[in-house]
Amino acid sequence: MNFDYTEEQTLLDNMVTSFVRDNYDWDTRCNIVKSEEGWKEENWKQFAELGLLGVPFDEAYGGLGGKSADLMIVMEQFGKGLVVEPYLPTVILAGGLISKLGSEEQKNSIIPEIISGNARCAFAYAEPQSRFDLNDVKTSAVLNGDDYVLNGFKSVVFGAGMASHLIISARTEGEQRSESGITLFIVDTKSEGLTLQNYPTIDEYRASEIIIENLKVSKDNVLGEVNMAYDAIEEIVDISTIAACSEAVGILQVLKDSTTEYCKNRKQFGQSIAKNQVIQHRLVDMMIEYEQAKSILYMAVTADLTNSDDRRKAVSAAKARIGKAIKFVGESAIQLHGGMGVVDEYMVSHYFKRATMIGVLFGNTDYHMKRYMTLTQSGISSSDEAISVSVT
Amino acid sequence: MDTAFSNEDLKFQSEIRDFIKTNYPQELRDSINSKRKLGKELSREDLTAWHKILGKHNGWSAPSWPKQYGGAEFTPTQKYIFEQECAKAECQYIMPFGINMVGPVIYTFGNEEQKAQHLPGILSGEVFWCQGYSEPGSGSDLASLKTSAVKEGDHYIVNGQKTWTTMAQYADWIFCLVRTNPDAEKPQQGISFLLIDMKTPGVTVRPIKLMDGSHEVNETWFDNVKVPVENLIGQENMGWTYAKFLLAHERSGIAGVARSKKAIERIKQIASSEMSYGEPLIQDPAFKAKIAAAELELSALEYTELRTLAKDSAGKGPGPESSLLKIKGTDIQQAVTELAMEAVGYYANPHLGTTLSNEYVGPDYATNLSGTYFNFRKASIYGGSNEIQRNIIAKMVLGL
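Residues numbered from 1 in each chain as written. Chains lettered and ligands numbered in written order. Predicted model: local features only at pLDDT ≥ 70, side-chain atom pairs only at ≥ 80, totals over all residues.

Draft legend 1. How the structure looks around the overall build of chain B. Along chain B, the regular secondary structure elements total 12 helices and 10 strands. Expected size for 400 residues packed as a compact globule is a radius of gyration near 21 Å; at 22 Å, chain B falls within 12% of this value. C-alpha extents for chain B along the principal axes are approximately 75 × 50 × 50 Å. By residue count, 44% of the 400 residues in chain B fall in the buried class. Considering only intrachain contacts with a sequence separation of at least 6, the fraction spanning at least 24 residues in chain B is 71%. (Helix = DSSP H or I, 4+ residues; strand = E, 2+ residues; numbered from the N terminus. Rg over C-alpha atoms; globule rule 2.2 N^0.38 Å. Buried ≥ 20, exposed ≤ 12 C-beta atoms within 10 Å, placed from the backbone. Contact = placed C-beta atoms within 7 Å.)

Okay, structure coming up:
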């Protein structure tokens, strides 16, 4: 049993840490999010040069063959710097789907392009009525000759505005909420039939609403088997959820450390406010929440993610528990910063906003709590061991 | 990062499992269960029988002790497995006062005679120890303690009162913090660490009843008690250093993760039998959510403990982070004792410990769950209250 990084992981950690330190100081980041594009292509090129865009991909396609622990390392450091480039949408979410479902031909044509930084992808799955339910898909795809024709609407698609390719989930069969009958299509973002309404998010990332009107997609651009995409979507969204949790843990560390520093330096009534026990105990509780969040992330990362029940349980436990930590640490950070906490100018509010939006991403605390309960309390495991009445 | 057990660990796990299966006495299980159900006091034999069995087997009664002192010297992973298996099988836990507290102090700071005199009895479970730290005026502010020890020839004369002495009614020996220099500049500087035979004339033990009716703790009075100077641990007036060392040991393992896990499993079983609104309580959304919240917290705490263990094995001893384990561990223990009581509805009421009858009332699983809930309010108070633990983290970890 150990929680140490391997030599390769330490190198990866150092590399991402130095990238953030050298390229993502606060002023630089402010300029990036204020720019029209909302990201910096030069950073993306650097990700490619550093090999970061290949972390989770199979070595056969030029990737590094990394696992969740490696993605955790990248995302935790990106969280610390509030890095806005669309790494999670492209590499982990869309990239994960392509790796999971793509034909040899599709993988050979797209994955090397992602790794080299030429292609960016986004996954359009949510719809206005679907909330967090991945099975709730109204967007339709109807076969007409050799093409599918897609119609529908996709909401809050992260990174779509900067993507060269979109993966779209659409219903090819069944009722609106049926798990079977969902198919994935991979298309060029500039295709006729797609209208993107791009906008900034409250935490200064970019997302899009996508109107799909008679979008023609060749049969060759179906990703995976027709009607059978649901399991893969759920799995890759789960893996992406762990990545989002990792980003959150990086953010929580910054919130906890910077708030502790702030309280040491801020003087009122002639002394540092950190001399007050009421402040000290709040800071200790922030630390405990951070440590518990990190621990449950480690639980998820080291769980057997190849077993779908274990994976679901671990991911929902982590997302629900980390969601609680985000709320406590985030709100406490703002409170203890006093007036400085609520202004746009000071960095703490930006970390708080990003963490809060990660709380929503891929399902919020209540959503994952319910999923966890469904998985763990549907039946009681029988035990053949002697059980006493004492609970202590 | 790797949390999978190695083949060696798995072998060790089945060795522990088999040992418990073959060696944990059924009569002991029955005796403890029926007393717990009725809320009756456990006997000295109940508390030490399993300890004595483990003591005869490769030092398993002392998982952390070095082999040279007869301990098992388990690796952190082995300790974790051992604790898990004992909790799963609901073995009686080992009294901490000898094994976890005074034992490590004696082998770390004691002289050869003291090691030879005391360690074998602690290891075997034959000698029962209790702890003389708190006093009526010294709770969280332990260093303000007043019990005095004045040197007269080759003895100390001890006067004063200790309180909350857990299981003093069975104890053969007590380890005490006493004031040897009332004029020291700081209160911490005048304290010494003394071992006192409970049979010495002048030692009186009076029971303190807790709110569940149980008798776990006592007042211990010292009236001109003559203690040989050989019973001083380390140097005179250096007791505070040894006391702090002991407190750090006391807190490790205090999280009780494995036992809380077992308790949640038990609550789920109770809640499957109890009905509410015509359905099993386990289906009740509010109750379900509380169970799930406790499970998530426990799952996180388990990994916090594993991270701490992994750090320990890298050679860093239990540090102030163990305060975190104490706070969260006791939070969860209290949450699960409350859930268990809540699960049985009206049957939280019967209190059989004060009757002479041995008749149970209500469902078998329900008895004395409220007693346990009330009893466990102690958990966030003992071993340094959870507020004091926060002070420790604030100072030692956050540098405030």
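Draft legend 2. How the structure looks around the overall build of chain A. A count of helices and strands for chain A gives 12 helices and 10 strands. Its C-alpha atoms give chain A a radius of gyration of 22 Å, near enough to 21 Å, the size a compact globule of 392 residues would have. Viewed in the frame of its principal axes, chain A has a C-alpha envelope of about 80 × 65 × 40 Å. Every one of the 392 residues in chain A was classed for burial, and the buried ones make up 49%.

Draft legend 3. Main features of the domain arrangement of chain B. Residue and element names in this part refer to chain B. Domain assignment breaks chain B into domain 1 (7-94), domain 2 (129-239) and domain 3 (252-396). Once you take the C-alpha centre of each, domain 2 and domain 3 turn out to be 31 Å apart. For the side of domain 2 that touches domain 3, a count of residues per class yields two nonpolar, three polar and one charged. (Domains from an automatic or database assignment. Nonpolar A, V, L, I, M, F, W, Y, C, P; charged D, E, K, R; others polar.)

Draft legend 4. Region of the structure containing the nonpolar core. By size, the foremost hydrophobic cluster in this structure holds 170 residues, and its most contacted members are Ile167, Phe185, Leu252, Leu297 and Ala318 of chain A. With residues near it in sequence (within four places) discarded, Ala318 of chain A still touches Ile242, Cys245, Ile296, Leu297, Met299 and Ala300 of chain A. In this structure, Ile106, Phe128, Trp129 and Val227 of chain B belong to the second largest nonpolar core, which totals 49 residues. (Core = buried A, V, L, I, M, F, W, Y, C linked by C-beta atoms within 7 Å.)

Draft legend 5. A look at the domain arrangement of chain A. Residue and element names in this part refer to chain A. If you check the domain split of chain A, you get domain 1 (7-119), domain 2 (122-227) and domain 3 (231-376). If you average the C-alpha positions of domain 2 and of domain 3, the two centres end up 30 Å apart. Contact with domain 2, which involves eight residues of that partner, is made by 10 residues of domain 3. Residues that form the side of domain 2 that touches domain 3 fall into these classes: four nonpolar, three polar and one charged.

Draft legend 6. Broad picture of the confidence of the model for chain B. The predicted model of chain B has a mean per-residue pLDDT of 92, with 97% of residues at 70 or higher. Here the predicted complex carries an ipTM of 0.87, next to a pTM of 0.91. (pLDDT = per-residue confidence, 0-100.)

Draft legend 7. Summary view of the packing of helix H5 (residues 87-101) of chain A against helix H6 (residues 104-116) of chain A. All names here are of chain A. Two elements in contact, H5 and H6, have axes whose closest approach is 10 Å; the angle formed by their N-to-C orientations is 165 degrees. Between H5 and H6, the angle is such that the two are roughly antiparallel. You can see that H5 and H6 cross each other, and the crossing is left-handed. Between H5 and H6, the residues in contact are Thr90, Val91, Gly95, Ile98 and Ser99 and Gln106, Lys107, Ile110, Ile111 and Ile114, respectively. Here the residues of the contact of H5 with H6 sort into five nonpolar, four polar and one charged. (Axes fitted to C-alpha atoms, helices over the stretch in contact; angles between N-to-C directions. Parallel < 35°, antiparallel > 145°, perpendicular 65-115°, else oblique. Left-handed = near helix turned anticlockwise from the far one by under 90°.)

Draft legend 8. Region of the structure containing the pairing of strand S3 (residues 147-158) of chain A. All names here are of chain A. Sheet topology note: the strand S2 (residues 140-144)/S3 ladder contains five bridges and is antiparallel. Within S3, the residue paired with Ala141 across the bridge is Leu150. Joining the antiparallel neighbours S2 and S3 is a turn of two residues, in which Gly145 adopts a positive phi near 70 degrees. Note: S3 against strand S7 (residues 206-218), nine bridges, orientation antiparallel. In the strand pairing of S7, Leu150 is matched with Leu215. (Pairing = 2+ DSSP bridges.)

Draft legend 9. Fine view of unusual backbone geometry. All names here are of chain A. Positive phi values are uncommon outside glycine, yet Asn214 reaches one of about 45 degrees. Residue Asn214 is classed as exposed on the basis of its 10 C-beta neighbours within 10 Å. Look at Phe362: it is not a glycine, yet its phi comes out positive at around 60 degrees. Exposure remark for Phe362: the 21 C-beta atoms within 10 Å place this residue in the buried category.

Draft legend 10. Representation of the interface of chain B and chain A within the structure. If you look at the interface, chain B gives 51 residues, while chain A gives 38 residues. Per element, the largest residue contribution to the side of chain B that touches chain A is 14 residues, and it comes from helix H9 (residues 285-313) of chain B.

Draft legend 11. Just the environment of Leu42 of chain B, in detail. Residue and element names in this part refer to chain B. Along the chain, Leu42 turns up in the loop between helix H2 (26-38) and helix H3 (44-55). Judged by the 18 C-beta atoms lying within 10 Å of it, Leu42 falls in the partly exposed class. Along the chain, Leu42 and Gly121 lie 79 residues apart, while their C-alpha atoms are 21 Å from each other. The residues touching Leu42, leaving out its near neighbours within four places in the chain, are Ile32, Lys35 and Leu47.

Draft legend 12. Structural view of the confidence of the model for chain A. Summary statistics for chain A give a mean pLDDT of 95 and a share of 96% for residues scoring 70 or more. Note on residues 379-392 of chain A: pLDDT under 50 across the span, and 31 contacts to partners over four residues away in sequence or across chains.

Draft legend 13. Structural context of helix H12 (residues 386-396) of chain B. Regarding H12 of chain B, the residues found buried are Gln389, Arg390, Ile392, Ile393 and Ala394 of chain B. Of the surrounding secondary structure, the elements contacted by the buried residues of H12 of chain B are helix H8 (277-302) of chain A together with helix H10 (322-343) of chain B.

Draft legend 14. Broad picture of the packing of helix H9 (residues 308-337) of chain A against helix H11 (residues 348-360) of chain A. Residues and elements named next belong to chain A. For the pair H9 and H11, interaxial distance at closest approach is 9 Å and the crossing angle is 160 degrees. One way to sum up the angle between H9 and H11 is to call them roughly antiparallel. For the crossing formed where H9 meets H11, the hand is left-handed. Every residue of H11 that contacts H9 at Gly323, Ile326, Lys327, Gly330, Ala333, Ile334 and His337 is listed here: Val348, Ser349, Phe352, Ala355, Thr356, Ile358 and Gly359. Tallied by class, residues from the contact of H9 with H11 come to seven nonpolar, six polar and one charged.

Draft legend 15. Local environment of the pairing of strand S6 (residues 194-200) of chain A. All names here are of chain A. Taken together, the seven bridges between S6 and S7 define a ladder with antiparallel strand orientation. Bridging across to S7, Leu194 finds its partner in Ile212. Counted between consecutive antiparallel strands, the loop separating S6 from S7 contains five residues, among which Glu204 sits at a positive phi close to 70 degrees.

Draft legend 16. Local environment of the environment of Thr77 of chain B. Position of Thr77 of chain B relative to the elements: it lies in helix H4 (residues 76-88). Taking C-alpha positions, Thr77 of chain B is 40 Å from Met275 of chain B, a pair spaced 198 residues apart along the chain. Discounting chain neighbours no more than four positions away, the residues touching Thr77 of chain B are Met1 of chain A together with Asp9 of chain B.

Draft legend 17. Broad picture of the environment of Glu219 of chain B. Residue and element names in this part refer to chain B. With respect to the helices, strands and loops of the structure, Glu219 is situated in strand S7 (residues 217-228). What makes Glu219 partly exposed here is the crowd of 17 C-beta atoms within 10 Å. Considering only alpha carbons, one finds Glu219 and Lys79, 140 residues apart in sequence, at a separation of 34 Å. Apart from residues no more than four positions distant in its own chain, Glu219 is found in contact with Gln161, Thr163, Arg206 and Ile208.

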